[in-house]
Structure formats: C-alpha cells, structure tokens
Amino acid sequence: MRWRNGGGPPRVTRSTVRSRHRGGFATAKPPRQRGAQRASPLTPLSPGTDRRIHYLISKGGSEALLQALANAARAEPPAADFGLKVQRLEATDVILSLARKNLGHHLNLTHCLWVLRVCASSVTAGTALGINGAMELLFKVITPYSKRHVRTVRAAIEALAALLKSKSNSRRAVNIGYLRGLLRLYQDWHHNDVSNNYVHIRRGLLICLKHITNIQLGRETFLDSCGMEILFTSVQDCLSCKNLDPIVTTVTQILRKCYPKEPLPLPTVRSSYSFSLPGNVRTEPPCMLLEDDYESDGEEEVEKDLDNDDDETKEEDDDLETDVNKLRSRPVLDRPEEALKQYEAVCPELSHNFQSEEEKSSEDNTENLPSTPSYFIQSATSVKHQNIQRTQSVTVMGPDPGEEDLKVPLQSWTKKEKCRQAVQDADSLEEEDVARSHVLTLCPLPKEIAWYKKMFNTECEASINRSPGGRLKTSDMVRNLLKKHQGNMPFHSPCFYIARAECVKSIPDYKFLAFPDFWGHQPPPYGKPMLERKYGVQRDKVLDDVRRLIQPGDVIGRTVFDLDEPSLGAPDCLTFFSKFESGNLRKAIQVREFEYDLIMNADVNSNQHHQWFYFEVRDMKLAVPYRFNIINCEKFNSQFNYGMQLVMYSVKEALQGRPHWLRVGYDISYYKNHYRSCAAAAGGMRRKSYYTLAFSITFPHEDDVCYLAYHYPYTYSTMMSHLDILEQNRNPKKVYWRQQTLCQTLGGNPCPLLTITAMPESKKRDDLEQFYNRPYVFLMARVHPGESNASWVMKGTLEFLVSSDPIADLLRKCFIFKIVPMLNPDGVVNGNHRCSLSGHDLNRQWLTPSSQLHPTIYHTKGLLYYLRSIGRTPLVFCDYHGHSQKKNVFLYGCSIKETLWQAGCMVDTAVITEDVGYRTLPKILDKVAPPFVMNSCSFLVEKSRESTARVVAWQEMGILRSYTMESTYCGCNHGLYKVSKSLALPRTKGLQLGTQELEEMGSKFCLGLLILHLKSLPCSKKVMAQAALLLDLEEEITDLRAHRSVIGVFRGFSCRSSWWGCILGLDSQK
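Basis of the calculations
Residues numbered from 1 in each chain as written. Predicted model: local features only at pLDDT ≥ 70, side-chain atom pairs only at ≥ 80, totals over all residues. Heavy atoms only, no water. Helix = DSSP H or I, 4+ residues; strand = E, 2+ residues; numbered from the N terminus. Buried < 20%, exposed > 50% of the residue type's maximum accessible area, 1.4 Å probe, protein only. Contact = heavy atoms within 4.5 Å. Areas by Shrake-Rupley, 256 points an atom, 1.4 Å probe, with all protein chains shown as cover. UniProt positions renumbered as here; feature names shortened; annotations may be inferred. Pairing = 2+ DSSP bridges. Axes fitted to C-alpha atoms, helices over the stretch in contact; angles between N-to-C directions. Phe/Tyr/Trp six-rings, centres within 6.5 Å; stacked < 30°, edge-to-face > 60°. Lys NZ or Arg CZ within 6 Å of the ring centre and 35° of its normal. Parallel < 35°, antiparallel > 145°, perpendicular 65-115°, else oblique. Left-handed = near helix turned anticlockwise from the far one by under 90°. Nonpolar A, V, L, I, M, F, W, Y, C, P; charged D, E, K, R; others polar.

**Structural notes on the overall build of the chain**
Step number 1: Of the regular secondary structure elements, the chain holds 38 helices and 20 strands.
Step number 2: Across the 1070 residues in the chain, those meeting the buried criterion constitute 58%.
Step number 3: Residue pairs in contact within the chain that sit at least 24 positions apart in sequence constitute 78% of those at least 6 positions apart.
Step number 4: In the form shown here, the chain has an accessible surface area of approximately 43700 Å², with 51% of it arising from carbon and sulfur atoms.

Quick look at the structure:
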C-alpha cells in the first residue's frame, strides 16, 4: 500500500495516542471526565460526512489511524468496552475486510490483526467476529507451520486467543476441528524451535488451548486427541530451562484442568464413625459415590499460581453487617429467666464461706510447692504425697449443695471418684519407680522398640486391657518402660495420663495410647524458621500426578490401611495406624514403592471438614525420601504454601532423651487435585473440589515408630491430666482453684469449668468484700477440635495463672477467671477437625444452642447470662482459636462504627456513639506479646459470623471487650519472631511458632489483662506501685532473654518504652 501524495503518514507516536486518552488504545473512546467538549476521533467517519472521509483518505488518514491502533494494541491491554464501541459503529466487518484484502501484504495484515485482537477484547464483539469467519481467516494465517512472517503469525495467534475467550467461539472451534489442529501446530513449533527463539508463539498456542478447554466439550476433545500425552511429553524438555517457565506454567494449568475428574477411592465420603443423636434428630444418609455423578463442571475455574508467596487471602466486604439495629446490643434471653438459677452452683466463689475452711486449709500439704517464681515443676516428685488429701482441698469438692437439683446433665460423683481413684493408683505406681533424672535414660534401641510394640500393638490386650469394670490395667511393660526411661517432663506425667485416658469415652472405644501423648512433649531447644518454598514445586507435583494417568504401569495402587477394614495389612511397605485419641487417618494407598496417598476421615456424622490429621507410621527405611499425598483436604489455600511444615514425633528420639514434636517435611505443596465430591455430599450445591497436601519426609531412624500430625496434638486426656497436676501444685493458701463439671457432652465426657482467683488476704470484711467484687474474665478454647494451637495457648494461660510468679499473684487479686479450657471434648477425642458429634460447627450455634445437641454451648451461654443477670458481666470475653490462612497472633473484636465505615456507610457520630475501649487490649498485646500483631486485628462484624461466640457475647451480653484470639498454625512475619532465633540462621522469613511460643502467648495475654485492669479500673496506690515494680522487672527479664537468643536481632525490643510507660501512653491513644 502506497502513501498518497508521495508522503508518509502523519507522525502518530505512542505519546500522541496517550495524550488523547490515558488508556493509549481507545481512540474511539472519548474521555468521560471531559464530557462532550472533545469529539470522538471517529467522528469524521460518522454518516453524512463523505467529504471529510475522502479528504482524510487523501491525506493518508486511514493508514495513520490503523497504525495508531496497531501501536496501541502492542503497547497496552485492550479496554473492556472498546470492542463494543467498534461493534456499535459496525466497524468489525470493515476490519475483517481489510484483513482479507491484505493477506498478501503481511505488514498491513499484521496491523489489521492487532486491531482485531483489540476488538475481540469484548466477548460480544469477539462472538460477532467469530460468526463472520474471523477464526477461519486466522487459521489460514497460522497454518501450515512456517517460520516465514513470524511477526504476522504471532499477531494472528494472539488474535485467535482473544476470540477463543468466547465460549461460543471455543465450541465452534472444537466442532470444526481446530483443537486438533492447534495441538499439531504446537508440536511442530515445539520440535523445530530448538533454540527457543519462538517461545511467544508456543505460549500463544497454549493460551488458545487453555481457552478452548474452559468448556467441557473442549476438555473431552482434548483428552480424545491425546492432548494430555502431547503436552506432558513436550513439557519435559522445558523443565530444565528457567526461560521456559511461562510455557511450563501454562501447560501445567491445562493439564490440571483437563485431568479427568473422579470420586475419592472410598465407598462413601461420610465419616467412618457415626453417633446416634438424642431425640428425633436424624443424621443425613450417607452419600454413595457413583461414577456417573462425576462429569466435569463446565465453568472455568480460576487458576492461581501459588508459587507467588505474596498471594494472601483478603477479606471480602460484601459480608459486612450494615443494619444498625442488628449491630446494636440487644440483651435478650433465649430461655426462661428462672432457668438461670441453676448456674449459681457453678459460681461458688460468690458465696464461699472462708471461715469454715480454715481447718481444712491448714491440712493442705504445701511443702513441695515451688517457692520461687517459676512456671514449671522442677521434679515430678513434687506432686507426690498430695494426692491422698486432694479431696480435702478448699477447691476440690464432692457433689455441690443443690447440684442434684440442676437441670444441666452434670457429671456424677461416682464417675469423679472413679477417675480420682485411678489417679491415686497411678500415683502409687509412680512412687514405686526409681528416682527420675533430668534427662531420659538411654537403653538399647531395638529392645525399646520391642517393648513399644508389645505395649501398644501386638500385646496390647495384655499390656493395657480393660477389666470388667472398665479400668485400665498398667502392665509390667509400662512399669519397666517408666523405670528405664525416666525424665522430668514439665506438667506431664505418663501415669496421670493413663489414669485420665481410661475414663475417656470414644465412639471407636479406643484401646491404644499414642506414644507422644503418653510420654509427653518438650519444646526443642531451638526454633524452626519457615520453610523456604522451592520454586516450581507445585507444578512438579501436578506433573507427577499426570504421569500416573498416562503411565499407569508403575502405579501399585495397593490399599495398606483402611479404617473400615481393620484386618487389612500388607508386607514390604509402611504400616499405618490411627485408632487412638485425636487420631485421624481413614485410608492409605501405596502408589509407588515410597509414595502413599492418604485420606482423612470426615467429622463424625458429617461428610466434610477434612483438614486435621494425626497418625502413626512405622517400618520405614533409613535415608529414603518418602512422599505422602493427603488427597481430600478442603480449604482452598493453606499456610503450607507459605512456609508451614507439619510436625513429627519419633519414638526412638524420645527414648534417647529428645521427646520433641518437630517441624518436618520438604517439597511441601498444597494444590487443587482432580477429585470431586458428589452433588449430595455438597449439599445439593456445586460439587466440591478437593485439594492435595503433598510433602516428603526422610525419617531419622530405620524401623522407627513416628507420628505425623497437622499441628502439635493436644488431646482431651492431656488436658484433664494437666488440670490434675496444676490443681495439686498450686499454692492453696494463695490460689483459689475450683474445678467443676459444667455439663456432660453428647459422648458422655465431662466438660470442665475452672474458677481461678486469689485467696482473700485475710478473713476481714474488707478483704472478703474485695474478693467477692472482683471483675470477671471469661476465657474458653478448643471449640474447633482441629485447632490444637488454641489448647497450647490456653495451657500457657493456665500455668501462668496458678504459678507463684508475682505478676500472676497480682493478676489473681484483680480478677476472677472463669475458664472452659475445652468446649468440644468429643470432637477432640474422636479426631474431628471442626464439629461435635452432632455434625455441627459449635461456633455457629451461639444464637440458639440446643441443650440436647450442643450442651457445652448451651450451658456456657447460660453461665454468661447468669453473670449478666446478677450484674457481673465479664470485663473481657475471649475465645481461643487457630487460623489456617494467616500468620501471627491477632484478635477479632466487634465495633459498630468500624463495620459501617468499612462497608462505606454514612455514620452519624451524633447518633451512633461507641466506647473505643475494645481497642485497648489489642494495643497492649502488640507491645508485650512477641507474636501478636495489631495490624492483623479486625473489629468488623460480618453477617456470616452473627452466631459466633464473639458476636453473641458482644450483642446479647453487652461485653464491650469480646474477642476471638486467632493463633497461626504457621509462624510470624512481624516483630521479634520475624527473625529466626537460631544463630546459624540470623535472617530468615520468620519463625514457625512452636509450643513454647504458643504457651508464651497465653502467659502474655494474662500480662495484657493486668495492664488493662490497671489502666481501665480504679486501683489502690499500693497495687499501682507493686505493678510498676513488677512490670519493669518483667521487661528486663524479657529483654535479657531476647538478647541471649540472637545477638543484635532483638535490639529494637529493648529500646522500647517500658510497659509501665505503655500503660500511661495508651491513655492518650484512647
């Protein structure tokens, strides 16, 4: 094409185009902000302006506009509405006509193709172009394979990819046979592009295939055309070259999408355990998995590259509650007011007669209690000799007066006596043992493992057998094991654990004890940094899965463990087991010699909530990397993609003096797989996708017995035995401790309720009145069984509260603590992740809890109602949780104004008033607790959270400081723990939180409560002076520990203003 008048086209530069519109490409789009003051550049082409058109053509205007559009198409992404404007101006046919006329002029054709790509940015315009033969034109340009006019071929492929975003165009392309043509063309370019000079063309063809396979017909044709084999084979040549990552990523996305969907290899996705609910409540029938229920969904699934560590989950604002009336406090009762009187029995501190307890208190044996400020028991022998008189303690009682009149299903005294007698028997056994040393004794490992097998497996019935009365018999093997391997385990006794474990009721009627829970755990002496994610690890896992499909010859496919078939076993492979307290593994399938697919059990009476796992594995080989794939996870993302590792406990390591749960695993990846649930299992909604957690482990010993878990396990028996030890090791002259049973669970396990405060300083009236009038703090944890980190935080809180630390002593004098340490004992016992035996998420039942189906929630809420009715509404309410998709520790609170502001609503501050005191405690914790981050806190009220404990306590009980405390499963990317404590790794992504850090968070929460009290409530000068001295001392101790951890890393922490100054400083912030 020659330029008219012998000259070139008017100079149209990129800056000129951008000056007309900031998008740079929409020359047909007048700027909205300038209204009609500037006419569209296409105005000369409008009807009735023939003279202008001829003049424009005579001056080379058509070529100039085409060149401008082409330049803009190369420089900027197309505008969403540009194609619509082109279509409204009926210019699509003109563009296609220009392209057809210039098939022999490749330079002009390239410009036309670029304009065509811009027009196809609108699906509507793209569909019209497809109907008018645009795809046929483009296939003439790109076929057959040729390296001539590469620029034109690239433009045609990009235009075709834009057209194929339209599903109708994709369907038309499949019917014509273009999908097979694209596969052949991709093969030609791949085989002939030895020097990788045409990566953009190869990737463009892959994007065309990606768009076509967004429809079900495209995926089916892709499979019939051997597309999986073609792309899988071709991508193997690209894995070693980093420059080919765009090709590898696109191929991986196509393969994941086109992998045939199938059900899980289970007879039913419903839990292997079922429980008959009381009354007329029926559980849902099991969902049978049928092959014909598994057609692939026709909708396009959003693909995310999880190799990007910055792709974190963001909160949605659509769920925010904007109804002011619903946000306001509404103190209403969900039961008759007279029903609240029964909770007087679980508040004995309000009517306790200390005058009559003087004689009993004098009988308490306190000579073995720690006399120095310490959070740990120095020797297990310190709990001896006290058990005989434990029922004489001020804080331990038989049946409460009037307890028989309660309508709550309280635990019977006979059951209590039975458990306590078991503890006494265990204590007697402990006295027979040789003196414990600080480090576990070493003995020949083969002999120790043989003992373990005899104790917990092959000879289990002889070692730990239930007598006709239901009691556990402690065998000689257990006694010998305790003698041979004795150590000082802070706040843990294997004998106490056995005594409590034999009282637990479970659906499978457990007969086995997991060794870590029996033996105990000590935090390792070092912290573990977050795992550096290996680049491309996810795509490697996906390609391995595809290899199974196209190369099935090396797949073993043998079931080696099945909870539904206990007798199943297999030689020459790992041995799995999970039938113990909190255990969860339903099925294990050997895929290859050292690779296993694992399936978790659903929550009882449910067909979902697969996330928590805890199982035993043995018979491993040394120095062999084993790969495990947990294939039925449900959350769409996980911290396993951002540095989190699972935990492992080695029996051999424990018997050598290292009883640690350790963070382990490498090549960890969490991604969507090809398994789908049936429609019935999804509740009639769209079929649910499953996700795979893939990880590799090299075990430290051969023929070891190891335990793998999602997070640090903390069982119900561990908690109950922990409470026994805390009760016996408190100082009864200083610590008021009352352990009662709030109610029985559906499964028949007692739900303990603790009352902790300071004993009155004297029997004088003023001191007794101060005791009775202390404000309440209400704490609870573990409503979700899989959030074991919440129990470790609660453990730190409890140990601090009963310790002889001066700060703890002062804190007890300031508050009365009501604590429910485990709200869902049945779920914890039976290995659930989120629900109770009713199959319900208990933290969504607070609005209208059922006394039959949700007894722990019903009676906890009733106790809160009772405290409010007598004018003792708690100052602070906090529910301890764990968070699977965020780092650090943070609080969720409730605020009317912040919710409305975030939702974009107008807030009349004259009408809506709010006390901002809910922010005080989070600000304090941000100063004093290393893993806590104020910036992660949220005070928004969502519609989907209106039935949670936090929102109900705020709305119905009027508790201003009502919180959910979320602790990460992973680690910290902020503050002190952002830097590893290890000297060998001075700077890392951050520290993974261990049990020591979680317990520290629990104790720091108590410190924050003390500061909150000093700041918010009137205190005597004596208390203020004592607090100032103690807090400054605590700061110095913390700074010293920080400096010893890493030289210079924590330097900024010691430079902060003192916590005492922090108290005063927060006044101005409030």
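We are not done yet, so read on.
**So, the UniProt feature "active site" (unreviewed entry) in the chain**
Step number 1: The UniProt record marks Glu966 with the feature "active site" (unreviewed entry), using the residue numbering of this structure.
Step number 2: In contact with Glu966, not counting residues within four places along its chain, are His881, Gly882, His883, Asn888, Val889, Phe890 and Tyr892.

**Considering the sheet that holds strand β3 (residues 575-577)**
Step number 1: If you trace the five strands from one edge of the open sheet to the other, you get β3-β6-β12-β8-β9, paired in antiparallel fashion. A single partner strand is all that each edge strand has here, and the edge strands are β3 and β9 (661-664). Across the sheet, the mean angle from the axis of one strand to that of its neighbour is 30°, orientation sign disregarded.
Step number 2: Summarising the sheet, strand β8 (residues 646-650) and β9 pair through four bridges and their orientation is antiparallel. The residue bridging Tyr649 from the neighbouring strand is Trp661, located in β9.

**Details of the packing of aromatic side chains**
Step number 1: In the structure shown here, the tally under the stated rule is 36 aromatic pairs.
Step number 2: Consider the rings of Phe515 and Trp519, whose centres lie 5.6 Å apart with planes at 15°: the pair is stacked. Taken together, the residues Phe515 and Trp519, both in helix α23 (residues 515-519) and four residues apart, mark about one turn of the helix.
Step number 3: Consider the rings of Tyr614 and Trp661, whose centres lie 5.8 Å apart with planes at 65°: the pair is edge-to-face. With Tyr614 in strand β6 (residues 614-618) and Trp661 in strand β9, the pair connects residues that are 47 residues apart, well separated along the chain. Note on accessibility: Tyr614 and Trp661 belong to one class, buried.
Step number 4: An aromatic cluster is defined as three or more aromatic residues linked by ring pairs; in this entry it consists of Phe576, Phe594, Tyr596, Phe613, Phe615, Tyr626, Phe628, Phe640, Phe695, Phe699, Tyr710 and Tyr969.
Step number 5: Here the guanidinium or amino end of Lys242 rests over the ring plane of Tyr535, the centre of that ring lying 3.7 Å away.
Step number 6: The ring of Tyr858 is capped by Arg335, whose NZ or CZ atom sits 3.9 Å from the centre of that ring.

**Some remarks on the environment of Val829**
Step number 1: Assignment of secondary structure puts Val829 in helix α30 (residues 825-829).
Step number 2: With relative accessibility at 0%, the residue Val829 sits in the buried group.
Step number 3: Along the primary structure Val829 and Lys505 are separated by 324 residues, whereas in three dimensions their C-alpha atoms are 8.1 Å apart.

**Overview of the packing of helix α6 (residues 106-119) against helix α9 (residues 150-163)**
Step number 1: Taken N-terminus to C-terminus, the directions of α6 and α9 make an angle of 20°; their axes are 9 Å apart at the nearest point. Considering the angle they form, α6 stands roughly parallel to α9. Read as a crossing pair, α6 and α9 show a hand that is left-handed. Residues His106, Leu107, Leu109, Thr110, Leu113, Trp114, Leu116 and Arg117 of α6 lie in contact with α9, whose contacting residues are Arg151, Thr152, Ala155, Ala156, Glu158, Ala159 and Ala162.
Step number 2: Per-class residue counts for the contact of α6 with α9 are nine nonpolar, three polar and three charged.

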